[in-house]
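# Geometric and topological summary
Chain by chain, the residues:
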Amino acid sequence: MSETGDLTGLRVALASDHAGYPLKESLRESLKPTGCILQDFGTFSREPVDYPDIACRVAEAVASGEYDFGVLVCGTGIGMSIAANKIPGIRAAACSDTYSARMARAHNNANILCLGSRVVGEGLAYDIAMVFLATSFESHSRHEKRVEKIAALERRMRT
Ligand code: RB5
């Protein structure tokens, strides 16, 4: 992460289900000063919604290249990650600590971070998101070949 927490120009799609709604709202505000371009894909109230519907919207927006990263919040982060990972090209990681968030980017080239509002508080969620968004993939390393093998698995599933 840059010392200043500068994420200027990074395009980030943010969304939650009803359980994640308060944390999503908090993240939208706390991430604003970083300079990233944040698009809120909902949900916009505590009215129950189904997390696969939300995950799919963000995952498709990231897979299409319209956004650099997605941040999805549900109660645990798990449902969102399972659903988002069904979209080809998506590598979604549910993280509840900064080390996992850093490795999800550096080693796995994850493009969606999933957070659990019933698992992490606002402060930790912000730190996790900052680390995730600011960490680069270690390309031209042994990890590139492994991530390429994930893409190969996706291609195999489609044939
Ligand atoms: C909603 O109650 C909860 O099941 C959902 O937010 C999520 O945690 C699912 O993985």
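Refer to the structure presented above.
Residues numbered from 1 in each chain as written. Predicted model: local features only at pLDDT ≥ 70, side-chain atom pairs only at ≥ 80, totals over all residues. Heavy atoms only, no water.

## A look at the site of the ligand
As a structural note, the neighbourhood of the ligand is formed by Asp17, His18, Ala19, Tyr51, Cys74, Gly75, Thr76, Gly79 and Arg118. Take Gly75: an N or O atom from its main chain is 2.8 Å from an oxygen atom of the ligand. Expressed as a share of its isolated accessible area of 290 Å², the protein-covered part of the ligand is 73%. Classifying every residue of the shell around the ligand by side-chain character gives three nonpolar, four polar and two charged. (Near = heavy atom within 4 Å. Polar contact = N/O pair within 3.5 Å; in protein donor to acceptor, adjacent residues only side chain to side chain. Areas by Shrake-Rupley, 256 points an atom, 1.4 Å probe, with all protein chains shown as cover. Nonpolar A, V, L, I, M, F, W, Y, C, P; charged D, E, K, R; others polar.)

## Remarks on the nonpolar core
With 26 residues, the main nonpolar core has Leu27, Leu115, Phe132 and Leu133 as its most contacted residues. Sorting the residues of this core by element identifies strand 1 (11–16), helix 1 (21–31), strand 3 (69–74), helix 4 (98–106), strand 5 (112–116) and helix 5 (122–134) as the ones contributing at least two each. Among the elements that line this core, the one with the most residues is helix 5, at seven residues. Residue contacts for Leu27: discarding those within four places in its chain leaves Leu38, Val71, Val73, Leu115, Ala125, Tyr126 and Ala129. One finds Ala15, Ile54, Cys74 and Ile90 within the second-largest nonpolar core, a separate group that totals 20 residues. (Core = buried A, V, L, I, M, F, W, Y, C linked by side-chain atoms within 4.5 Å. Buried < 20%, exposed > 50% of the residue type's maximum accessible area, 1.4 Å probe, protein only. Helix = DSSP H or I, 4+ residues; strand = E, 2+ residues; numbered from the N terminus. Contact = heavy atoms within 4.5 Å.)

## Here we look at the environment of Asp97
Here Asp97 lies in the loop between strand 4 (92–94) and helix 4. Residues Asp97 and Val131, spaced 34 residues apart in sequence, show a C-alpha to C-alpha distance of 9.7 Å. In terms of polar contacts, Asp97 uses its side chain to reach the backbone amide nitrogen of Ser100, at 2.7 Å.

## Let's talk about unusual backbone geometry
A cis amide bond, omega 0°, links Gly42 with the succeeding residue Thr43. Despite not being glycine, Asn109 shows a phi value in the positive range, around 50°. The residue Asn109 is located in the loop between helix 4 and strand 5 in this model. One non-glycine residue, His140, lies in the positive phi region at around 55°. Inspection of the secondary structure puts His140 in the loop between helix 5 and helix 6 (142–158). Accessibility expressed as a relative area gives 74% for His140, which makes it exposed.

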